[in-house]
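This is what each chain is made of:
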Amino acid sequence: MSLPLIKPYLSKFLSKKLSLALLTSLALIACSPATDKEADANDPVVDASQTEAMNNATNEVSRETVNQQGNIAAIEQPITILALGDSLTEGLGVDPDDNYPAQLESTLKDMGYENVKVINSGLSGETSTGLINRLDWVAQTKPDITILTIGANDAIRGIDVATVEANIRTAVKRLQDNGSEVILGGMQIYDNLGSDYVQSFAAIYPRVAKDMNVTLIPFFLNGVGGDPELNQADAIHPTKDGYTVIVNDNILPILAPKLEAMVENESN
C-alpha cells in the first residue's frame, strides 16, 4: 500500500497510540519517587526500568504529536540523493539554503523523510565533458537517486550535439553501474544558435531517457525559464522563488513516486 493510501488509517492509529502513550506517561509519573528529603520510607520507588519506560513514552508522545499534526508517517530509511549538474544545480547567485538541492531536502524532511540527504554537486560553468571527468569522485557518495541536469553550458559554447549526447549517455551509464537510479533533467535553449541546433539539442534528453530507461523531467526550468519574476538579473539563473517552483512542480512529481516505491521495497 502506498503512503498516500495509508494516511487515512494512520491518523486513527496515531490518535489511539498517542492516548495510550500519554496515559502510560502519566501513570509512570504518578509513581515517581518524592524529591522531598523527608519523604516517608514507605513511598513507592521507581526502578531504572520504569524510568526508562517513562522516558520512552514521553519521547513517543512528542514524536507522534509532530507526525499527527501533518498526518505524515515518519520515514526513517536513509536515502541519499545526488544533485549533479552545473550552476543551475549549484544555485549561482542565491543563498546556500535557497538553491534547489537545499529546498528539496527541506521539503522531503517535511514530507516525513527524516534521514534523507540531498548532496549538492553542481559546479558553475560545468560542461558535459567536465562532468564526466569528475564522476568517479561524486560516485563516492553512493547515491540512491541522481538528478542529472547538464548541457546548458555546452549549448552556450555551441558544442556539437553528438558530443553532448555521448557524454550524457556515458554519465547515465556510469551512475547506473554505480547502483544509482537516474532522473534526467531535460534542457532547452534560446533560438540564437539557430533552429536546427536548438531542436537537435532538445531532442537529446527524451531520446537518452527512452534508450537508457531513465525517468525524464521534460524541461527542468519549466514554468521558470523566461519569467523575469522568477529569475535573477541575468535572465538565466533562478531566484529562490524560481527554485521553489522547480522543486514543487518539476522535481517532486517525478521523484516522490520513486521514493515511495523505494521505501515500500525496503519494508517488504
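Just above sits the structure.
Residues numbered from 1 in each chain as written. Predicted model: local features only at pLDDT ≥ 70, side-chain atom pairs only at ≥ 80, totals over all residues. Heavy atoms only, no water.

Draft legend 1. A look at the side chain of Gln103. Position of Gln103 relative to the elements: it lies in helix 4 (residues 100-110). Of note is the side chain of Gln103, whose polar atom sits 2.8 Å from the backbone oxygen of Asp98. Of the polar contacts made by the side chain of Gln103, one reaches the backbone oxygen of Lys240; its length is 3.0 Å. If we skip the residues at most four places from it in the chain, Gln103 touches Asp97, Asp98, Lys240, Tyr243, Thr244 and Val247. (Helix = DSSP H or I, 4+ residues; strand = E, 2+ residues; numbered from the N terminus. Polar contact = N/O pair within 3.5 Å; in protein donor to acceptor, adjacent residues only side chain to side chain. Contact = heavy atoms within 4.5 Å.)

Draft legend 2. Region of interest: the sheet that holds strand 1 (residues 79-85). One open sheet accounts for five strands, arranged 2-1-3-4-5; its pairing is parallel. Looking at the sheet topology across the chains shown, the edges are occupied by strand 2 (116-122) and strand 5 (215-217). Strand-to-strand twist across the sheet, computed as the mean angle between neighbouring axes with direction ignored, equals 20 degrees. The pairing of strand 1 with strand 3 (residues 145-149) spans five bridges and is classified as parallel. (Pairing = 2+ DSSP bridges. Axes fitted to C-alpha atoms, helices over the stretch in contact; angles between N-to-C directions.)

Draft legend 3. The packing of helix 4 against helix 10 (residues 240-267), seen in detail. Direction vectors running N to C along helix 4 and helix 10 enclose 55 degrees, while the axes themselves pass 9 Å from each other. If you check the angle between helix 4 and helix 10, you find them oblique. The chirality of how helix 4 crosses helix 10 is right-handed. Together, Tyr100, Gln103, Leu104, Thr107 and Leu108 of helix 4 and Lys240, Tyr243, Thr244, Val247, Asn248, Ile251, Leu252, Leu255 and Leu259 of helix 10 make up the contact between the two elements. (Parallel < 35°, antiparallel > 145°, perpendicular 65-115°, else oblique. Left-handed = near helix turned anticlockwise from the far one by under 90°.)

Draft legend 4. Quick peek at the packing of aromatic side chains. A complete count under the given rule lists three aromatic pairs for this structure. Taking 5.4 Å as the distance between ring centres and 65 degrees as the angle between the ring planes, the aromatic pair formed by Tyr100 and Phe220 counts as edge-to-face. Of this pair, Tyr100 sits in helix 4 while Phe220 sits in the loop between strand 5 and helix 10; the two residues are 120 residues apart in sequence, bridging distant segments of the chain. An identical accessibility class is assigned to Tyr100 and Phe220; each is buried. Here Phe201 and Tyr205 contribute two aromatic rings whose centre-to-centre distance is 5.6 Å and whose plane-to-plane angle is 70 degrees, an arrangement assigned as edge-to-face. Linking Phe201 with Tyr205, this pair stays in helix 9 (residues 195-212), spanning four residues, or about one helical turn. Residue class for Phe201 comes out buried when judged on its relative accessible area of 0%. Through a chain of ring-to-ring contacts, three or more aromatic side chains come together here, namely Tyr197, Phe201 and Tyr205. (Phe/Tyr/Trp six-rings, centres within 6.5 Å; stacked < 30°, edge-to-face > 60°. Buried < 20%, exposed > 50% of the residue type's maximum accessible area, 1.4 Å probe, protein only.)

Draft legend 5. Region of the structure containing the pairing of strand 1. Counting buried positions along strand 1 yields seven of seven residues, so the element is predominantly enclosed. Here strand 1 shows two buried faces, one formed by Ile79, Ile81, Ala83 and Gly85 and the other by Thr80, Leu82 and Leu84.

Draft legend 6. Structural detail: the environment of Asp227. As for its placement among the helices and strands, Asp227 is situated in the loop between strand 5 and helix 10. In this structure Asp227 comes out as partly exposed when scored by relative accessible area, which is 28%.

Draft legend 7. Representation of the pairing of strand 4 (residues 181-185) in the model. The element strand 4 is largely enclosed, with a buried count of four among its five residues. Summarising the sheet, strand 3 and strand 4 pair through four bridges and their orientation is parallel. Bridge pairing links Thr146 to Val182 in strand 4. For strand 4 and strand 5, the ladder comprises three bridges, and the chain directions are parallel. Bridge assignment links Ile183 to a residue of strand 5, and that residue is Thr215.

Draft legend 8. Layout of the pattern of salt bridges. The tally for this structure, following the rule as stated, stands at seven salt bridges. Arg134 is the salt-bridge partner of Glu126, the closest N and O atoms lying 2.3 Å from each other. A salt bridge links Arg169 to Asp211, with the nearest nitrogen and oxygen atoms 2.7 Å apart. On the criterion of sequence distance, the pair formed by Arg169 in helix 8 (residues 161-177) and Asp211 in helix 9 is long-range, its members being 42 residues apart. Assessed through its relative accessible area of 24%, Arg169 is described here as partly exposed. Within the structure, one salt-bridge network assembled from shared partners comprises Glu165, Arg169, Arg207 and Asp211. (Salt bridge = Lys/Arg side-chain N within 4 Å of Asp/Glu carboxyl O.)

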